[in-house]
Amino acid sequence: MKSLKPILVILLVFPFVLLPLSPIEEVKAQSTIYIRADGSVEGTDLIQRNNNTYTFLNNISGSIVISKKFITLDGSGFTLKGSGAYPQKGINLSHRKNVTVKNLVIMNYSTGIFCKPGSDTRTNITILGNYILNCDIGIDFVGSSNNLIKYNTFKNNTNDISISYVIGNNLITQNSIDSFVQVWMSDQPIIDMNYWTDYNGTDSDGDGIGDSAYFYHDILQDSHPLIEPVPVIPEFPSWAPMLLTLITLTVILAVYRKRLTKNTKQPIILGA
Ligand SMILES: [Ca+2]
């Protein structure tokens, strides 16, 4: 039994190590969380601040209002979940600048991410590697320019991205888009190298970019549509399942070896 002890200890401790990464402990009540201009977080202890980076420690139900510039909100693969009721916004970035939202699952909102600028319309918002689903509007930029929407996956939203009353650029690239981008009374955003679920073109040279441009109702064009969707953010860090498999295999092997040793030591009785 001596050789099994360290393995059993690891096996007992491992679930508790993994617990903070698990989505089980979801906060059910809808709350409004504020990241205040002074940097403090109000309304939850599930967002950890480290200088200008605010990291999710678990899934959160409710809305986040960001009142601080030059910050990163890192979802770490966790979920921000709404009630689905109008006019709830997942993340409200109104009058904010230079904010990055990344690695977050954003679901069940009237508007997933909303930004309407203050006096300077160049807001420099970066929406990076999120999974945005089941919203009326996934991302809504009203009059807000100089923003980047990249590596996001959109699913089951009525309208994935809305750009309205914008003078200036917005860049939408390398996202997986399954509904459409609505542009209203605005300069045309740069839409390039996205994956569109209803694109059915060919890729004769196999470089991952379609031979023909993607058109949506003759009003929207992506000259370099991707053939494969962009990867969706993993629910757990990639090492977690590997470690779990490794530990399970080690335990199975140890138990099997011990039984084998025990069996070989026993005398074989014929005709018993
Ligand atoms: Ca090609």
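Heads up: the structure comes first, above all this text.
Residues numbered from 1 in each chain as written. Predicted model: local features only at pLDDT ≥ 70, side-chain atom pairs only at ≥ 80, totals over all residues.

Things to note about the overall build of the protein
In step 1: Counting its regular elements, the protein contains two helices and 24 strands.
In step 2: Counting over 272 residues, the protein shows a buried share of 31%.
In step 3: Partitioning the intrachain contacts of the protein with sequence separation of at least 6 by distance along the chain shows that 46% fall at a separation of at least 24. (Helix = DSSP H or I, 4+ residues; strand = E, 2+ residues; numbered from the N terminus. Buried ≥ 20, exposed ≤ 12 C-beta atoms within 10 Å, placed from the backbone. Contact = placed C-beta atoms within 7 Å.)

Let's talk about the nonpolar core
For soluble globular proteins, the rule of thumb is that nonpolar side chains tend to be buried together.
In step 1: Ranked by internal contacts, the top residues of the largest apolar core, which has 45 residues, are L93, I106 and I113.
In step 2: Setting aside residues up to four positions removed in sequence, I113 forms contacts with G90, I91, L93, V101, I106, I127 and I139. (Core = buried A, V, L, I, M, F, W, Y, C linked by C-beta atoms within 7 Å.)

Section: the pairing of strand β15 (residues 147-150)
In step 1: Residues N147 and I149 point to one face of β15 and are all buried, whereas L148 and K150, pointing to the other face, are not buried.
In step 2: With three bridges connecting them, strand β12 (residues 126-128) and β15 associate as parallel partners. Residue pairing in the sheet places I127 in a bridge with I149 of β15. (Pairing = 2+ DSSP bridges.)

What about unusual backbone geometry?
In step 1: Following Y86, the chain continues to P87 via a peptide bond in cis, the omega torsion being 0°.
In step 2: Counting through the fold element by element, P87 comes out in the loop between β7 (79-81) and β8 (89-92).
In step 3: Although it is not a glycine, N51 sits at a positive phi angle of roughly 55°.
In step 4: In this structure, N51 sits in the loop between β3 (47-50) and β4 (53-56).

Points about the sheet that holds β12
In step 1: What the eight strands build is an open sheet, ordered β3-β4-β6-β9-β12-β15-β18-β21; its pairing is mixed. Looking at which strands have only one partner, the edges of the open sheet turn out to be β3 and β21 (190-192). Pairs of neighbouring strands in the sheet enclose a mean axial angle of 10°, with direction left out of account.
In step 2: Bridge analysis of β4 against strand β6 (residues 71-74) gives three bridges, and the strand direction is parallel. Within β6, the residue paired with Y54 across the bridge is L73. (Axes fitted to C-alpha atoms, helices over the stretch in contact; angles between N-to-C directions.)

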